[in-house]
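# Coordinate analysis (summary)
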Amino acid sequence: MGGDTVVHAPDAALADAITADGKGGTLAAEPEFRASTECLGKPLAALLLTDPTASGEKATYVLAAGVAGPDAAHLTQTACRTAGSKTAAEDLAKAVRDRLRTGRTATAVPWSDLLTQTKVDVVTGSGSTHAVRLTATSQKSPRLVLDMTRNRDLSSLFASP
């Protein structure tokens, strides 16, 4: 996180907590958030979510989605989910590949109808953190992975195997 980051938050205190330029502890200092943002690269827009089943303050994983590209006609959709170990990331990557090939969204739309030219890989970030990265294109919407994040379809695609 950092650079030319634009953050939307309901108040200044929360914006400070999100950005690397904030005062004190920031999300950029948390390994799971740092790993997910490193995995995304430099998107034009991004959303980050924590595990919705996590209890307490520590997220068990972070799911991030971003869109990057030179213009609306040439965008890459990217989604990343952190994993606790390299083995867990490899198992999750296999499950994501299988779901992309044969699975469907919650509204019964085949993943293969939404995302094309998909690539799923395991990436290792700073601090030896591991994440599964999906890159794809979409003719359906320039912000497809962002919408899928908000409606929890991306969470089901990246659910633990």
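The structure under discussion appears in the preceding block.
These figures come from a predicted structure and were not determined experimentally.

### Overview of the overall build of the chain
- Assigned secondary structure in the chain consists of 6 helices and 5 strands.
- Along the chain, from the amino end to the carboxyl end, the secondary structure elements read α-α-β-β-β-α-α-β-β-α-α.
- When the 161 residues of the chain are sorted by exposure, 40% land in the buried category.
- The contacts in the chain between residues at least 6 apart in sequence include a share of 53% that link residues at least 24 apart.
- Counting every atom, the chain has about 8,900 Å² of accessible surface; 52% of that belongs to carbon and sulfur.

### Quick look at the state of the cysteines
- As enumerated under the stated definition, the model contains 1 disulfide in all.
- Two residues, Cys 39 and Cys 80, share a disulfide whose sulfurs are 2.1 Å apart. Between Cys 39 and Cys 80, the disulfide has an S-S torsion of -80 degrees and is therefore left-handed. Separated by 41 residues along the polypeptide, Cys 39 in helix α2 (residues 31-40) and Cys 80 in strand β3 (residues 76-83) bring together distant segments of the chain.

### What about α2?
- Burial analysis of α2 places 7 of its 10 residues in the buried class, the great majority of the element.
- Of the residues making up α2, those classed as buried are Glu 32, Phe 33, Ala 35, Ser 36, Thr 37, Cys 39 and Leu 40.
- Those residues of α2 hidden inside the fold are in contact with β1 (45-50), β2 (62-68), β3, β4 (116-124) and β5 (130-137).

### Overview of unusual backbone geometry
- Residue Ala 108 is not a glycine yet carries a positive backbone phi of 70 degrees.
- With respect to the secondary-structure elements, Ala 108 resides in the loop between α3 (86-102) and α4 (111-114).
- The phi angle at Arg 152 is positive, at roughly 70 degrees, despite the residue not being glycine.
- Its place among the elements puts Arg 152 in the loop between α5 (144-150) and α6 (153-157).
- Look at Arg 152 and you get partly exposed, because its relative accessible area is 40%.

### With respect to the sheet that holds β1
- Taken together, the 5 strands give an open sheet; going across it, the order is β1-β2-β3-β5-β4, and neighbouring strands pair in antiparallel fashion. A strand with exactly one partner marks an edge of an open sheet, and here the two such strands are β1 and β4. Going across the sheet, the axis of each strand differs from the next one's by a mean of 15 degrees, ignoring polarity.
- Packing against the sheet, α3 makes contact with β3, β4 and β5, and its axis sits at approximately 175 degrees to β4.

### Comments concerning the nonpolar core
- Core analysis: the largest hydrophobic core is formed by 26 residues, its most contacted members being Leu 100, Leu 115, Leu 134, Leu 154, Leu 157 and Phe 158.
- Elements that contribute at least two residues to this core include exactly β2, β3, α3, α4, β5, α5 and α6.
- A total of 5 residues in this core trace back to one element, the largest contributor, which is α3.
- Judged by nonpolar contacts, the second largest core, of 6 residues, contains Cys 39, Leu 40, Cys 80 and Ala 131.

### A short note on α3
- For α3, which comprises 17 residues, the first-to-last C-alpha distance of 24 Å matches the rise-based estimate of 24 Å (1.5 Å per residue) to within 8%.
- At its buried positions, α3 is contacted by β3, α4, β4, β5 and α6.

Reading the values: the criteria
- Residues numbered from 1 in each chain as written.
- Predicted model: local features only at pLDDT ≥ 70, side-chain atom pairs only at ≥ 80, totals over all residues.
- Heavy atoms only, no water.
- Helix = DSSP H or I, 4+ residues; strand = E, 2+ residues; numbered from the N terminus.
- Buried < 20%, exposed > 50% of the residue type's maximum accessible area, 1.4 Å probe, protein only.
- Contact = heavy atoms within 4.5 Å.
- Areas by Shrake-Rupley, 256 points an atom, 1.4 Å probe, with all protein chains shown as cover.
- Disulfide = S-S within 2.5 Å.
- Pairing = 2+ DSSP bridges.
- Axes fitted to C-alpha atoms, helices over the stretch in contact; angles between N-to-C directions.
- Core = buried A, V, L, I, M, F, W, Y, C linked by side-chain atoms within 4.5 Å.
- Expected span 1.5 Å × (residues − 1).

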